[in-house]
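Chain by chain, the residues:
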Amino acid sequence: MASSDIAVVATAQTPSVREANPSEVQLLVPTIAAAIEKAGIERREIGFTCAGSCDYLTGGPFAFVSNLEAAGAWPPISESHVEADGAWALYEAWMRLHEDDIDVALAFGSGKSSPSNPAEVWAQQLDPYYLAPLGLDPVSLAGIQAQALLASGKATERDFAEVVAASRRNAKSNPNAQLSGDFDVDALLAEPYFRQPLRKHDCPPISDGAVAVVLARGERARSIAAAAGRRPAWIRGMDHRVEPHQPGMRDLTSSASTSLAARKAGYDGGPLDVAELCSTFSPQELVLRSALGLGEEVSVNPSGGPLAGNPIMAVGLVRIAEAAERVMDGSAGRALAHATAGPLLQQNLVCLMEGE
Amino acid sequence: MSAPPKEHLVMEHLVTLTYREKLTENLNRFADNLLEARIVGHKCPSCGRVYVPPKGYCPLCVVATGNNDEVELPDRGTLTGFTIITPVAYYGQQQTEPFVWASVLLDGADTPLTGQNITGVPHSELRMGLRVKARWKPREQRSVEGMTNRGWGGFGDVVESFEATGEPDAGEEVYKEHIF
Amino acid sequence: MSEPRVTVTKLEFPYSRTLGPVLGAFIGGLREGKLLGIRARDGRVLAPPVEYDPETGESLGSEMVALGPEGTVVAWTWVGQPTAKHPLGRPFSFALVKPDGADTAMVGPVDAGSPDSMSTGMRVRARFNPEPKGLVTDLTWEPAR
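To start, this report covers the structure provided alongside it.

Rules used throughout
- Residues numbered from 1 in each chain as written.
- Chains lettered and ligands numbered in written order.
- Predicted model: local features only at pLDDT ≥ 70, side-chain atom pairs only at ≥ 80, totals over all residues.
- Heavy atoms only, no water.
- Core = buried A, V, L, I, M, F, W, Y, C linked by side-chain atoms within 4.5 Å.
- Buried < 20%, exposed > 50% of the residue type's maximum accessible area, 1.4 Å probe, protein only.
- Helix = DSSP H or I, 4+ residues; strand = E, 2+ residues; numbered from the N terminus.
- Salt bridge = Lys/Arg side-chain N within 4 Å of Asp/Glu carboxyl O.
- Contact = heavy atoms within 4.5 Å.
- Buried area = accessible area lost by both parts, 1.4 Å probe.
- Pairing = 2+ DSSP bridges.
- Axes fitted to C-alpha atoms, helices over the stretch in contact; angles between N-to-C directions.

**Observations concerning the nonpolar core**
Formed by 56 residues in total, the largest nonpolar core has its most connected members in C:F26 and C:M118. No other element matches helix α1 (residues 20-31) of chain C, which puts 6 residues into this core. Among the nonpolar cores identified, the runner-up in size contains 40 residues, and A:I102, A:A107, A:V211 and A:A314 belong to it.

Okay, here's the thing in structure tokens:
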């Protein structure tokens, strides 16, 4: 899709926490309100709303219907939902804006992982015949991928620890991060294995959180940003691709779908200031860096990334929000955000944004 | 290779997922009050609508509601809608006899309590507008274990049923906006 | 106000899944101590056998290919503290195993006893549940002698 006059103009998110006491809807009410207020628009100006969430996180069927109450669905609004990360909700909102009949859209993502056991829940997204009955949890899968990466010679355990140290260090300047601090790489390597060759810190924390993003088109995007003393984060392209489901039928040490999605989103490998990647496990950052061909000069996960806070169903949209904020405040000229779904980077979304 | 025997063609797989979620502050307080046979909802500071159970926000105004917005309601109200469910056997089914599933709008509330049992009236005489009052369980039998943040099981196990009071039926204007 | 109450909810989904000729052949094969794969359009042999080509989406029919009984570990991890959802009650390895005769690897448990007994490229042998339950868990791998 060619249209390039759609931009992120405002974002808001909750801090990632181990357990939020408010309900998911109660997390969304102030988050959506904050994004709308930052955009300086009236709620009724939003022409389309799309939400991303997963009912299995809290075990309440139709939880996503309640979530809509946080968007203010009366009088009736035009809305959609994806049982997926909010990044895919943004994708749908972006697509909708291409119709050129509305100027503003809202996308949000939310999830409380605290009430459930991720090991139990996420095994259920797998092939129900060959994988789910094994109780194959995401950390075990990530362990297999990590070991494949080591065996391929593409990375070392030290590389994993360096990703973690950088994530925690970057997260120090992120008020929404759950885990942050200065960690010595050798001290990290001295920790025992959790799921060999992964250590506990190579895995993301369990987090509750929500995020909302306002998109606007053309002149409306310019006026909204100008009123806030910022510039729009123009979406130059957004694309997502998926690979076969069976882990043994793909190369786990590379991410062909990420490379393809990036290319289709218009990333030609040129200069890039910021890349916010959904590297849920530390080895995945190395796979993604390679898939995107990122040089050392790119600031990767300045927010800390998912290793510093992993509100599943919001975490991908948070990457887009973090990248967009850095474009909007002028500190980045060109930024890329990545979101992922499915086991071991099976499906990948890339969003490329630029300042003017 | 011949086709596998029929008995191999079905895979039995029981998936179990366990959830442990802390009740929100508003529902925890609601539960505290129910155990004392008190029904306390939230009144929206913007539009004045009263929600029971309280969600902690008004979905129409999209504003948060909190402890300062609490309002106590009487334990009597009007039947706004109902159905008689004939139980069908399925995994987890506990009902065996036809039972009532009714919505009760407490006096002063803007949202009805759903899934309530109505007693004191034969099923064939159930009607919208019927005036009912809570028949509370003895204090030591009251339980709020079934309450969830989703708002289901919102009345816990504190009330045996709502029973007909014998008052004249409420007029249509009371229930017509709150059937469901 | 009292401490926040914790609501415990248990969701149960009792699935009875029909398997069809391909998955049924595989699961049925485990019952007979057989490991089966299927040929993809490009001639590669896929394990586990799937109904549709992962690259082209075409139906692969139901003619199965005999595999194993041994295989090679392609990648592995160690589960030091198995949960009730895992296939083994003692520490084990989750591994990608490429059965002999197959061009792809499949995820399965390796009953190796200790992570020191695991290595990339090691040989393993299929072990079939003597009391099959008609699930993929009827298959376990163990270090080949």
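**Digging into the pattern of salt bridges**
All names here are of chain A. Taken as a whole, this structure holds 43 salt bridges over all chains when the rule is applied. A salt bridge links D137 to R195, with the nearest nitrogen and oxygen atoms 3.0 Å apart. Of this pair, D137 sits in the loop between α4 (118-121) and α5 (138-152) while R195 is found in strand β5 (residues 193-195), placing the two residues 58 residues apart along the sequence. The two residues D137 and R195 agree in class, both being buried. Counted as one network, the salt bridges with shared partners bring together R236, D268, R334 and E354.

**Looking at the interface of chain C and chain A**
Listed as interface residues are 34 residues of chain C and, on the opposing side, 28 residues of chain A. Both sides together, the interface formed by chain C and chain A hides about 2700 Å², and carbon and sulfur atoms give 69% of it. It is C:K85, C:V107 and C:V136 that lose the most area in chain C upon contact with chain A, and together they represent 19% of the buried surface on that side. For the interface between chain C and chain A, the tally reads 1 salt bridge.

**Concerning the sheet that holds strand β1 (residues 6-13) of chain A**
All names here are of chain A. Taken in spatial order, the 10 strands of this open sheet run β3-β2-β4-β7-β1-β8-β12-β11-β9-β10, and their pairing is mixed. With partners counted over all chains shown, the strands left at the sheet margins are β3 (79-82) and β10 (299-300), one partner each. Bridge count between strand β2 (residues 48-52) and β3: 4 bridges; the pairing is parallel. From the neighbouring strand, A51 faces β3, where its bridge partner is H81.

**A look at the sheet that holds strand β2 (residues 35-39) of chain C**
By definition, the strands of a sheet pair up through backbone hydrogen bonds, in either a parallel or an antiparallel sense. Residue and element names in this part refer to chain C. The antiparallel open sheet is built from 3 strands, whose spatial order is β3-β2-β4. Since the sheet does not close on itself, it has two edges, and those belong to β3 (45-46) and β4 (64-67), each with one partner. Bridging between β2 and β4 involves 4 bridges; their strand directions are antiparallel. For L35, the partnering residue across the bridge sits in β4 and is L67. Sitting on the sheet, α1 is in contact with β2 and β4, with an inclination near 155° to β2.

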